[in-house]
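Letter by letter, the chains look like this.
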Amino acid sequence: MQSVGAAWLMTSLTSNPFYIALIQTASALPFFLLALPAGSIADIFDRRKLLLGAEAWMFVIATVLTVATIAGWMTPWLLLILTLGLAMGDAAEAPAWRAIFPDLVSKDDLPAALALNGVEFNLARAVGPGLGGLVVAVVGVSAAFGFNAVSFLGVFAVLLKWKKPARTMGKVPNETFRGAMSAAIRYVRYSPGIRVLLLRSAILIFFTSSFWALLPTAARSLSRSPIAYGLLLGFFGTGAVLGAALLQRIRSRLTTEKLLSISTATFAAVTLSLALLHSQIVLCLLMLIGGAAWTTLMSLFNIMVQELAPDWVRARVLAVYLFVFQGSVALGSTLWGYVALRTDIHAALTIASVGTGVCLLLPALLKLPNTAVDLNSWDHWIKPTMLEEPAPDQGPVLVIVKYVIDPSKAEEFLHQMYEYQRVRRRDGAISWGIFFDTEAPDVYMESFKVDSWAEHERQHERFTMADREIEERVLGFALQPVEIKHYIYAPEIRPS
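As the structure is a prediction and not an experimental result, all values here were calculated from the model. (Residues numbered from 1 in each chain as written. Predicted model: local features only at pLDDT ≥ 70, side-chain atom pairs only at ≥ 80, totals over all residues. Heavy atoms only, no water.)

What follows is about the pattern of salt bridges. Applying the stated criterion across every chain yields a total of 11 salt bridges. Between Arg314 and Asp311 there is a salt bridge, and its shortest N-O distance comes to 3.0 Å. What makes Arg314 buried here is its relative accessible area of 10%. Since its relative accessible area comes to 43%, Asp311 is described here as partly exposed. Where salt bridges share partners, they join Arg186, Glu455, Arg458 and Arg462 into one cluster. (Salt bridge = Lys/Arg side-chain N within 4 Å of Asp/Glu carboxyl O. Buried < 20%, exposed > 50% of the residue type's maximum accessible area, 1.4 Å probe, protein only.)

Rendered as structure tokens:
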């Protein structure tokens, strides 16, 4: 209802398609700016408190939006600023919302729970826009904003009542905010599967964002009544509900890659129909198909990202996904609005639909990763013998691992070590290297450096069962047990 009200109010304040498209940009930009910090906060602090704070913020902004509209103070720029403020609250809580699912259901039930969440979300999108259009037409846009403000109180009450399970405390202190941010970027950088998902979703969303950015203007050209816009979104949401309901059954019959391709082609066709057709009835029916395709695309990407992120970094990986996703929306919405301004809305939608269709070539270049991996922790490290336990913040820490191997297998050993490097860096190493002994051709030394002793201990907790295979391949070359040494940076001590 809020989305319909804001988009329709902007079409009433100005006929400039660029300003209308900026509504979508204002809704997406905060995710681009705040998602990663919010994800880091969600992984280190109490997620329930973060959600309560964000809901309170959005209630205040929604109330100001309602009052300003009733008082007649609204301008295009004020509407954009308040829309931006609402989206800031949404961006702050989004990683935490997505990360609490494993607290609610088991890992086996996670895909079904996410699909059910998609049904709930799209059911609201099916009912809300049509109801919003009716409210705007009969009572006024301020009523839609008012209902939105009141709705935050309901969410607030649910969060207060929810008894969140206690989080399992690790053996080392919580990460700092800066360290958590660095760990998130490092984890994504050294996780090839996640990088592929991010790149594919970014390219696809850049083109599909045209649909959301230009739909209000297209609806306005069909009818001067907000009910028409509400009906288009309502049918789209209904299709999304049907798509989410059938997703689990379809996933068992088709590969994820094939399902993504079908959904991409379908959404490209629906976007093109929005550019070429002028029948509201036909477009409403096509919106059903478009909604099913859209929810399939979003659900599949979301499920795959969740399945590739272990618990300790899940909220941050989801935040990076939101950062990339909403960054593409913000950039795409702005660009497609400008293209519509310089040409017309039909040309912009046609170009974007062709671009969406071209995304069907992506599987040949960026193959989807295998998500059937065991991300449970495998902390099998032997605690080193030390004269004194280092303080958690002591560091940097240098770790040296000595391997004695068969020199004839050195090439294959080095290949596996450079694969192993990715795990070391992903889990905390800030530098890594492998060296051979000039006096003993069968001896190799692996070295890596970690910021602090606490961060090195976190490395042990971050090692997963899925990493076990690559470690066993590396250790399979060792002719004798590996030797591990730990060194801590020694700062200068000036004589008194």
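Under the defined criterion, the tally for this structure stands at 18 aromatic pairs. Where Phe267 meets Trp294, the ring centres are 5.2 Å apart and the plane angle is 40 degrees; that geometry is what we call tilted. Here Phe267 is found in helix α11 (residues 256-276), whereas its partner Trp294 is found in helix α12 (residues 280-307), with 27 residues between them in sequence. Residue Trp294 is classed as buried on the basis of its relative accessible area of 7%. Summarising the aromatic geometry, the rings of Tyr321 and Phe325 are spaced 6.0 Å apart at their centres and angled 45 degrees between planes, so their arrangement reads as tilted. One end of the pair, Tyr321, and the other, Phe325, are both in helix α13 (residues 314-342), four residues apart, so they sit about a helical turn from each other. By the burial criterion, Tyr321 is buried, and Phe325 matches it. (Phe/Tyr/Trp six-rings, centres within 6.5 Å; stacked < 30°, edge-to-face > 60°. Helix = DSSP H or I, 4+ residues; strand = E, 2+ residues; numbered from the N terminus.)

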